[in-house]
Amino acid sequence: MMWFNLAKAQSFMPSQATEIAKQVDNLYGFLLIISLISCVIVIGGMIYFVFKYKRKTANDKTAYISHSTALEFLWSFIPLVIFLFVFAWGWYVYHQMRAMPQNALEINVLGKQWAWEIEYKNGYKAVNEIVVPINTDVKLLMTSSDVLHSFFVPSFRIKQDVIPGRYTAVWFNADKLGEFHIFCAEYCGTTHSGMIGRLKVVSLEDFNKYLEEGQEEGALPLAKRGEKLFALKACASCHSTDSDAVKVGPSLFKKFGAESVMDDGSKVKVDENHLRESILEPNKHIVKGFPKGVMPTFQGQLNENELNALVEYIKEMK
Amino acid sequence: MASHAHGDNYINCEKGLWSWLTTVDHKRIGLLYMITVMTFFLIGGIMALLLRLELFAPNAVQGVGGVLKDGNVYNQVMTYHGAIMVFMVIIPGIPAILGNFFLPLQIGAKDVAFPRINLLSWYCLMAGATLALLTLFFNKVDTGWTFYTPYSIRTGASTVLMVLGAFIMGMSSILTGLNFIVTVHKLRAPGMTMHRMPLFVWALYATAIIQMLATPVLAITLLLLAAERLFGVGVFDPKLGGDPVLFQHFFWFYSHPAVYIMVIPAMGVVSELITTFSRKVIFGYTAIAYSSLGIAAVSFFVWGHHMFVSGQSETAGIVFSFLTMLVGVPTAIKMFNWVATMYKGSISFDTPMLYALGFLFLFAIGGVTGIMLATLPINVHFHDTYFVVSHFHYVMVGGTLMSLMGGFFYWFPKMFGKMYSDSMARMSFVFTFIGFNVTFFPQFILGAMGMPRRYFDYIPAFEQLNKISTVGSWLIGIGFVIALITIIQGLRKGEKAPANPWGSKTLEWTVQSPPPHHNFDVEPVVTGGPYEYR
Ligand SMILES: [Cu+2]
Ligand SMILES: [Cu+2]
């Protein structure tokens with residue numbers, strides 16, 4: 001088996017390779033100290049009492065102290081305040097983890113038993129290796145072709161489950177050159193523990209070189225493949241792609257990121273998951289003003305790669 | 001006693017295997033549970049040792065350290081270890097053994113409200129366990145005890161059998177809960193008001209409420225899973241238009257409260273132990289009693305903290321993190337109350353007290369790491385790593401199992417009318433306690449370093465700590481072997497136990513050891529609280 005050497009994995013926490021990682025570790029450090037103090041109070045108090053009030057004779061008399069409202073209030077209130085403080089701090093950091101940056105470099109990740117398939121916009125594909133430029137917002141658009149997986153990069157302190165039948169996303173901005181482990185953190189069967197990839201952070205030049213080399217192998221860019229499929233699967237006969245003209249179905253021009261109104265009056269933001277659902281299960285939600293059952297369902301007729309290509313093509317219609 | 005010519009206690013009043021298999025005496029049913037649970041614990045424990053052995057070295061599958069044939073075998077053993085320990089050991093553990101035996105005694109009742117249903121619940125456990133373990137003879141289940149979809153829908157078909165087994169074991173849990181609730185409301189002795197009940201009874205009562213309300217949700221979930229496998233109903237499988245994450249919502253809606261089914265009874269036992277061996281009234285009786293109910297109530301609204309990275313919305317994550325922090329408060333209150341109870345007490349170091357102190361120590365660590373896991377961004381890093389594995393072992397083993405052992409050694413003289421060797425029992429404590437920390441503390445660090453759980457193999461960087469952890473598991477093993485020897489020796493040659501060897505104040509100690517068949521020859525009349533050490 002191939003194991004990559006991660007320079008700093010030997011130390012207590014993996015190296016911090018993003019700004020978020022530093023923030024997480026700060027909060028973790030704070031929690032460690034608070035926890036240590038709490039344990040010293042509880043366990044220390046216990047040990048102190050145990051020795052101080054050790055039984056001396058068989059008939060020791062003890063004090064009858066049934067409660068103390070003031071004390072009990074204090075030791076309910078102080079933990080509450082600490083917990084809420086920690087919660088708020090956590091919320092602050094978590095929000096940054098979850099707020100997807102605009103204009104990030106997007107890479108498609110497909111989890112499958114038991115490997116990570118990577119595809120860049122230019123059509124270059126790799127397995128178990130992601131190369132990204134340093135100091136750049138990167139967004140991974142992820143899905144699975146079989147069971148649950150979870151994309152975990154310890155050095156970035158990020159983790160996100162990868163779910164069949166829908167997209168999930170995760171983002172990072174690496175500020176350190178080097179190689180980092182990708183683990184699968186959600187149990188996925190026999191070789192779950194071998195589903196290890198590496199994430200390489202390189203300079204922007206090296207990144208571009210890496211991609212160019214990939215393109216020389218003759219792969220079509222993702223969106224181009226989507227365009228071909230769009231024609232092949234006859235989407236084009238019902239959807240216009242370069243104007244607002246309505247054919248059988250609504251125009252998809254400039255649709256991505258906008259809102260669609262459904263026939264029950266609800267508004268849906270057109271994101272990757274909406275596109276995916278519209279293609280695979282068109283009758284689940286119907287766009288207002290269009291008949292139900294006209295768009296054929298493509299469930300089972302497109303694999304994950306083709307779906308990614310179509311979605312990318314529609315995203316780029318602007 | 002007139003009707004029972006044979007003997008003067010519940011053990012010798014009737015003889016023969018049949019009399020045990022058809023008994024409706026809550027004490028005898030408690031012992032049936034004891035034998036069952038101890039057997040399952042032995043099996044689950046041996047599996048744990050195998051898992052640790054496999055993890056002794058990386059690349060063990062091909063290399064020297066490999067004890068299990070391959071990754072599949074590891075995954076299967078991991079699944080059975082989890083399922084056995086959760087469904088057959090920790091959940092029935094304290095309520096069904098100690099609760100069955102002592103709840104009626106502690107409130108001055110002759111039996112539980114529905115003695116026959118009580119026996120039925122034991123048979124449910126046996127039937128469910130048999131069904132679940134039958135899978136060992138077909139293709140073995142490898143889903144992990146959580147049965148996450150869609151993996152559980154795609155892997156070997158015997159998952160259905162295992163899931164049905166868990167379903168039937170859930171019935172057992174519901175029946176026990178029902179019995180306890182009615183018993184507490186209807187069968188208290190004259191003068192035994194709710195606020196004079198021992199805290200162990202309060203804890204069992206709170207637990208019973210969760211058992212009654214949460215377990216049906218698990219039952220439905222597992223049935224849906226079985227239906228999906230057998231009939232292709234598309235609830236969870238995205239290929240059939242289902243939602244795999246929905247399963248997690250259902251599953252944790254039961255399984256988080258289930259954590260408290262496992263822990264609240266342990267807290268009850270510890271309350272008994274600490275007052276008795278400090279010879280002092282419990283500090284903050286009302287706070288401890290009601291915090292059990294408080295925990296039970298809030299526990300239904302925190303399930304999403306198992307799903308912070310599952311793809312649930314950011315808002316859901318925030319709400320669940322907040323509510324989880326709230327659950328921390330009543331738990332903290334209890335910890336402080338127990339320590340305060342020892343203040344100005346007369347503290348002895350008998351074996352049960354050692355286990356209670358061990359509980360406090362380990363539960364404190366389990367608690368603070370729980371708060372860490374409730375903190376959103378920390379959870380993102382720790383989720384599904386060994387940090388979580390370590391955390392829940394600190395709570396479930398360090399908490400529940402320690403208190404089960406403590407409670408068992410505390411009530412042993414009452415249950416069997418014999419004393420065990422105190423020095424041997426202490427030795428078992430020392431081994432398990434030290435072994436526990438050696439096994440599980442390194443796993444916190446492994447988790448922080450990023451080692452995911454359910455791995456049968458790992459990168460070389462994780463080797464040292466895994467080695468330490470494996471050595472620790474041997475110490476725990478030795479500890480339990482000593483405990484087993486202590487128990488067998490005590491049963492065979494133990495000195496005769498007096499009615500009240502520890503000087504406790506609760507009702508079960510007012511009757512002879514072992515108790516008579518009908519518990520109380522004269523119905524007791526209660527005139528004060530449970531811990532009147534003056
Ligand atoms: Cu996996
Ligand atoms: Cu939980």
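Residues numbered from 1 in each chain as written. Chains lettered and ligands numbered in written order. Predicted model: local features only at pLDDT ≥ 70, side-chain atom pairs only at ≥ 80, totals over all residues. Heavy atoms only, no water.

**Re the packing of aromatic side chains**
And then number 1: Per the counting criterion, the structure on display carries 68 aromatic pairs over all chains.
And then number 2: Between Phe56 of chain B and Trp474 of chain B, the ring centres sit 6.1 Å apart and the planes meet at 25 degrees, which makes this aromatic pair stacked. Taken as a pair, Phe56 of chain B in the loop between helix H2 (26-54) and helix H3 (71-106) and Trp474 of chain B in helix H15 (residues 463-493) lie far apart in primary sequence, 418 residues in all.
And then number 3: For Phe56 of chain B, a relative accessible area of 25% gives the class partly exposed.
And then number 4: On the basis of relative accessibility, which here comes to 38%, the residue Trp474 of chain B falls in the partly exposed class.
And then number 5: Over the aromatic face of Tyr167 of chain A sits the side chain of Arg276 of chain A, whose NZ or CZ is 4.8 Å from the ring centroid.
And then number 6: The ring of Trp20 of chain B is capped by Arg28 of chain B, whose NZ or CZ atom sits 4.0 Å from the centre of that ring. (Phe/Tyr/Trp six-rings, centres within 6.5 Å; stacked < 30°, edge-to-face > 60°. Helix = DSSP H or I, 4+ residues; strand = E, 2+ residues; numbered from the N terminus. Buried < 20%, exposed > 50% of the residue type's maximum accessible area, 1.4 Å probe, protein only. Lys NZ or Arg CZ within 6 Å of the ring centre and 35° of its normal.)

**Side note on the nonpolar core**
And then number 1: By size, the foremost hydrophobic cluster in this structure holds 248 residues, and its most contacted members are Ile130 and Phe151 of chain A together with Phe87 and Met415 of chain B.
And then number 2: Among the elements that make up this core, the one with the highest residue count is H3 of chain B (22 residues).
And then number 3: Each of domain 1 (2-47 + 67-98) and domain 2 (105-215) of chain A contributes no fewer than three residues to this core.
And then number 4: Sequence-distant contacts of Ile130 of chain A, defined by excluding residues within four places in its chain, comprise Ile107, Val109, Ile118, Tyr120, Leu140, Phe151, Ile182, Arg198, Leu199 and Lys200 of chain A. (Core = buried A, V, L, I, M, F, W, Y, C linked by side-chain atoms within 4.5 Å. Domains from an automatic or database assignment. Contact = heavy atoms within 4.5 Å.)

**Observations regarding the coordination of the copper ion (ligand 1)**
All names here are of chain A.
And then number 1: Every protein donor of the copper ion (ligand 1) is accounted for by Cys184 (SG), Glu186 (O), Cys188 (SG) and His192 (ND1), and the metal-donor separations fall at 2.1 to 2.6 Å.
And then number 2: Every donor counted, the four donor atoms about the copper ion (ligand 1) form angles of 88 to 129 degrees at the centre, which fits tetrahedral coordination.
And then number 3: Here the donor residues for the copper ion (ligand 1) map to a single chain with the spacing C-x1-E-x1-C-x3-H. Each of the two residues, Glu186 as well as His192, counts as buried. (Donors = N, O, S within 2.8 Å, 3.2 Å for Na, K, Ca; no water. Tetrahedral: all angles 85-135°; square planar, octahedral: opposite > 155°, others 65-115°.)

**With respect to the pairing of strand E10 (residues 197-202) of chain A**
In the case of a regular strand, side chains alternate between the two sheet surfaces.
All names here are of chain A.
And then number 1: With five bridges connecting them, strand E4 (residues 129-133) and E10 associate as parallel partners. Of the residues in E10, the one forming a bridge with Pro133 is Val202.
And then number 2: Note that strand E9 (residues 178-184) and E10 share five bridges and pair antiparallel. Each residue of the ladder has a partner; that of Ile182, found in E10, is Gly197. (Pairing = 2+ DSSP bridges.)

**Focus on the coordination of the copper ion (ligand 2)**
All names here are of chain B.
And then number 1: Protein ligation of the copper ion (ligand 2) involves His256 (ND1), His305 (NE2) and His306 (NE2), the donor distances falling in the range 1.6 to 2.0 Å.
And then number 2: Mapping the donors of the copper ion (ligand 2) onto the primary sequence gives the spacing H-x48-H-H. With His256 in helix H8 (residues 244-278) and His306 in the loop between helix H9 (285-298) and helix H10 (314-342), this pair connects stretches of sequence that are 50 residues apart.
And then number 3: A residue is classified by how much of its surface remains accessible, and His256, at 5% relative accessible area, is buried.

**Some words on a positive patch on the surface**
And then number 1: Side chains of Lys52, Lys54 and Lys56 of chain A together with Lys344 of chain B sit close together on the surface and give a patch of like positive charge.
And then number 2: Here Lys54 of chain A shows up in the loop between helix H1 (19-52) and helix H2 (69-98).
And then number 3: The class of Lys54 of chain A is partly exposed, set by a relative accessible area of 41%. (Patch = residues over 30% accessible without salt bridge, like charges linked within 9 Å, V, L, I, M, F, W, Y side chains within 5 Å. Areas by Shrake-Rupley, 256 points an atom, 1.4 Å probe, with all protein chains shown as cover. Salt bridge = Lys/Arg side-chain N within 4 Å of Asp/Glu carboxyl O. Lys, Arg positive; Asp, Glu negative; His and termini not counted. Charge placed at Lys NZ, Arg CZ, Asp CG, Glu CD.)

**Regarding the pairing of E9 of chain A**
Residue and element names in this part refer to chain A.
And then number 1: Counting buried positions along E9 gives five out of seven residues, so the element sits mostly inside the fold.
And then number 2: As paired strands, strand E6 (residues 149-153) and E9 are joined by two bridges and run antiparallel to one another. Looking at E9, one finds that Phe152 is bridged to Phe183.

**Comments concerning the sheet that holds E10 of chain A**
All names here are of chain A.
And then number 1: What the five strands build is an open sheet, ordered E4-E10-E9-E6-E7; its pairing is mixed. At either margin of the open sheet sits one strand with a lone partner, and together these are E4 and strand E7 (158-162). Across this sheet, the average inter-strand angle for adjacent strands is 20 degrees, counted without regard to direction. (Axes fitted to C-alpha atoms, helices over the stretch in contact; angles between N-to-C directions.)

**A few points about the environment of Ser310 of chain B**
And then number 1: Here Ser310 of chain B lies in the loop between H9 and H10.
And then number 2: Exposure remark for Ser310 of chain B: the relative accessible area of 2% places this residue in the buried category.
And then number 3: Sequence-wise, Ser310 of chain B and Val245 of chain B are 65 residues apart; in three dimensions their C-alpha atoms are separated by 7.2 Å.
And then number 4: If we ignore the near neighbours within four places in the chain, the residues touching Ser310 of chain B are Gln160, Asp161 and Ile163 of chain A together with Val245 and Gln248 of chain B.
And then number 5: A distance of 2.8 Å separates the side chain of Ser310 of chain B from the backbone oxygen of Met307 of chain B, its partner in a polar contact.
And then number 6: Within the structure, Ser310 of chain B has its side chain in polar contact with the backbone nitrogen of Gln312 of chain B (distance 3.4 Å). (Polar contact = N/O pair within 3.5 Å; in protein donor to acceptor, adjacent residues only side chain to side chain.)

**Observations regarding the domain arrangement of chain A**
And then number 1: Each assigned domain of chain A is listed here: domain 1 (2-47 + 67-98), domain 2 (105-215) and domain 3 (222-315).
And then number 2: Using C-alpha coordinates to define each centre, domain 1 of chain A is positioned 45 Å away from domain 3 of chain A.

**Thoughts on the interface of chain B and chain A**
And then number 1: The partner chain A presents 86 residues to the 96 residues of chain B that form the contact.
And then number 2: When chain B packs against chain A, the two sides together hide about 8,000 Å² of surface, and 68% of this comes from carbon and sulfur.
And then number 3: The salt bridge partner of Arg166 of chain A is Asp243 of chain B, with a shortest N-O separation of 3.1 Å.
And then number 4: Linking chain B with chain A are 24 residue pairs in polar contact (both at pLDDT 80 or more).
And then number 5: The element best represented in the side of chain B that touches chain A is H10 of chain B, accounting for 16 residues.
And then number 6: Counted by class, the side of chain B that touches chain A contains 57 nonpolar, 26 polar and 13 charged residues. (Buried area = accessible area lost by both parts, 1.4 Å probe. Nonpolar A, V, L, I, M, F, W, Y, C, P; charged D, E, K, R; others polar.)

**Quick word on unusual backbone geometry**
And then number 1: With an omega dihedral of -5 degrees, the bond running from Gln113 of chain A to Trp114 of chain A counts as a cis peptide bond.
And then number 2: By secondary structure assignment, the location of Trp114 of chain A is in the loop between strand E1 (105-112) and strand E2 (115-120).
And then number 3: Pro150 of chain B follows Thr149 of chain B through a cis peptide bond whose omega is -5 degrees.
And then number 4: Mapping Pro150 of chain B onto the fold places it in the loop between helix H4 (115-134) and helix H5 (151-154).
And then number 5: The phi dihedral of Arg454 of chain B is positive, around 60 degrees, even though this residue is not glycine.
And then number 6: Within the secondary structure, Arg454 of chain B sits in the loop between helix H14 (422-449) and H15.

**What to know about the side chain of Thr18 of chain A**
All names here are of chain A.
And then number 1: Among the structural elements, Thr18 can be located in the segment before H1.
And then number 2: A polar contact is formed between the side chain of Thr18 and the backbone nitrogen of Ala21, at a distance of 3.0 Å.
And then number 3: For Thr18, the contacting residues outside a window of four places in its chain are Ser155, Phe156, Phe172, Asn173, Ala174 and Asp175.

**A look at H10 of chain B**
Residue and element names in this part refer to chain B.
And then number 1: The first and last C-alpha atoms of H10 sit 44 Å apart over 29 residues, in line with the 42 Å expected at 1.5 Å per residue.
And then number 2: Among the 29 residues in H10, 21 count as buried, and that is most of the element.
And then number 3: Backbone geometry just downstream of H10 places Lys344 in the positive-phi region, at approximately 60 degrees. (Expected span 1.5 Å × (residues − 1).)

**Some words on the sheet that holds strand E5 (residues 138-144) of chain A**
All names here are of chain A.
And then number 1: Spatially, E3-E2-E1-E5-E8 is the arrangement adopted by the five strands of the open sheet, whose pairing is mixed. In the strand order of this sheet, the two ends are held by strand E3 (125-127) and strand E8 (168-172), each with one partner. Neighbouring strand axes in the sheet, compared pairwise and without regard to direction, differ in orientation by 25 degrees on average.
And then number 2: Note: E5 against E8, five bridges, orientation antiparallel. Across the sheet, Lys139 pairs through a bridge with Trp171, a residue of E8.
And then number 3: Contacts from helix H6 (residues 304-315) reach E1, E2, E3 and E5 within the one sheet, and its direction differs from that of E1 by about 160 degrees.

**Details of the pattern of salt bridges**
And then number 1: Counted according to the given criterion, the structure contains 23 salt bridges over all chains.
And then number 2: Arg198 of chain A is the salt-bridge partner of Glu129 of chain A, the closest N and O atoms lying 3.2 Å from each other. Taken together, the residues span a long stretch of sequence, with Glu129 of chain A in strand E4 and Arg198 of chain A in strand E10 at a distance of 69 residues.
And then number 3: Between Arg154 of chain B and Asp237 of chain B there is a salt bridge whose closest N-O contact spans 2.8 Å. Here the residue Arg154 of chain B occupies a position in helix H5, and Asp237 of chain B occupies one in the loop between helix H7 (199-231) and H8, the gap between them amounting to 83 residues.

**Side note on the state of the cysteines**
Throughout this description, disulfide means a covalent bond between two cysteine sulfur atoms.
Residue and element names in this part refer to chain A.
And then number 1: For the structure on display, the rule yields zero disulfides over all chains.
And then number 2: With no disulfide of its own, Cys235 has Cys238 as its nearest cysteine by sulfur position, at a separation of 8.4 Å.
And then number 3: Its relative accessible area of 13% is what places Cys235 among the buried residues. (Disulfide = S-S within 2.5 Å.)

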